[in-house]
Amino acid sequence: MPVPRPLRERCREFLGIEEEIRYIFPAQAYGGGAGFIFVITDEQISVISTGAISRTTPKSVWGGYPRGSRLGPVETSTTPAFHFAGADFEIDDEYIAVVNAADAEIFDRDSLPKDPLPDL
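All of the points below concern the structure found in this document. All of these numbers come straight from a predicted model, not from anything done at the bench.

The number of helices and strands found in the chain is 2 helices and 6 strands. Across the chain, helices and strands are ordered from the amino to the carboxyl terminus as α-β-β-β-β-β-β-α. Computed over C-alpha atoms, the radius of gyration of the chain comes to 14 Å, within 12% of the 14 Å expected from 2.2 N^0.38 for 120 residues, which places it in the range of a compact globule. Considering only C-alpha atoms, the chain reaches an extent of 45 × 35 × 25 Å along its principal axes. The burial tally for the chain puts 41% of its 120 residues in the buried class. Put simply, of all contacts in the chain between residues at least 6 apart along the chain, 41% involve residues at least 24 apart. The centroid of the 11 positive side-chain charges in the chain is displaced by 4 Å from the centroid of its 19 negative side-chain charges.

Spelled out as structure tokens, the structure:
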């Protein structure tokens, strides 16, 4: 399920960024607890904390990392989870593809589908 436009705009405003958001997805601390939103641009990966109650209201910037940082792999044997910046995060099934695409864009560009209309 795509992240709703109002949440994208809230995150853009909260971070004070003008550049395009390439990928965005919600996550939570492994085992429950605090919520997070990962916002990925061409330049960086920003991790926003939303606190324990809301998954849609930015509270603070948990961290900013270079775009060359790897998010995955996503472990899918139980609840989808990944390890990033020294912490473990859970995501909903529908965001596994987002994490994989964000990593593929940097680390395995040949695995991405080709543009079907490159002349447009």
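Our focus in this paragraph is the packing of aromatic side chains. Per the counting criterion, the structure on display carries 11 aromatic pairs. One aromatic cluster is present, built from ring pairs that chain together Phe25, Phe36, Phe38, Trp62, Tyr65, Phe82, Phe84 and Phe89. Above the plane of the ring of Phe107 lies Arg70, whose end atom (NZ or CZ) is 3.8 Å from the centre.

This brings us to helix α1 (residues 5-15). When we look at burial in α1, the residues that qualify are Leu7, Cys11 and Arg12. Down the axis, α1 shows its buried residues gathered within 135 degrees of arc, on one side only. Among the exposed residues of α1, those oriented more than 90 degrees off its buried face are Arg5, Pro6 and Glu13. Looking at the buried side of α1, the elements it contacts are β1 (23-29), β2 (35-40) and β3 (44-51). Gly16 sits one or two residues past α1 and shows a positive phi near 70 degrees.

Moving on, we get to the pattern of salt bridges. Counted according to the given criterion, the structure contains 5 salt bridges. One salt bridge connects Glu105 with Arg22, and the closest N-O pair in it is separated by 2.2 Å. Here Arg22 lies in the loop between α1 and β1 and Glu105 lies in helix α2 (residues 96-107), a separation of 83 residues in the sequence. You can call Glu105 buried: its relative accessible area is 9%. With a closest N to O distance of 3.0 Å, Glu105 and Arg67 form a salt bridge. Note that Glu105 is positioned in helix α2 and Arg67 in the loop between β4 (60-66) and β5 (81-84), a separation of 38 residues in sequence. What you see here is one network of salt bridges that share partners, running through Arg22, Asp42, Arg67 and Glu105.

Mapped onto the secondary structure, Thr41 falls in the loop between β2 and β3. Here Thr41 is in contact with Ile17, Glu19, Glu20, Ile21, Arg22 and Arg67, once residues within four sequence places are set aside.

Basis of the calculations
- Residues numbered from 1 in each chain as written.
- Predicted model: local features only at pLDDT ≥ 70, side-chain atom pairs only at ≥ 80, totals over all residues.
- Heavy atoms only, no water.
- Helix = DSSP H or I, 4+ residues; strand = E, 2+ residues; numbered from the N terminus.
- Rg over C-alpha atoms; globule rule 2.2 N^0.38 Å.
- Buried < 20%, exposed > 50% of the residue type's maximum accessible area, 1.4 Å probe, protein only.
- Contact = heavy atoms within 4.5 Å.
- Lys, Arg positive; Asp, Glu negative; His and termini not counted.
- Charge placed at Lys NZ, Arg CZ, Asp CG, Glu CD.
- Phe/Tyr/Trp six-rings, centres within 6.5 Å; stacked < 30°, edge-to-face > 60°.
- Lys NZ or Arg CZ within 6 Å of the ring centre and 35° of its normal.
- Arc of directions from axis to C-beta.
- Salt bridge = Lys/Arg side-chain N within 4 Å of Asp/Glu carboxyl O.

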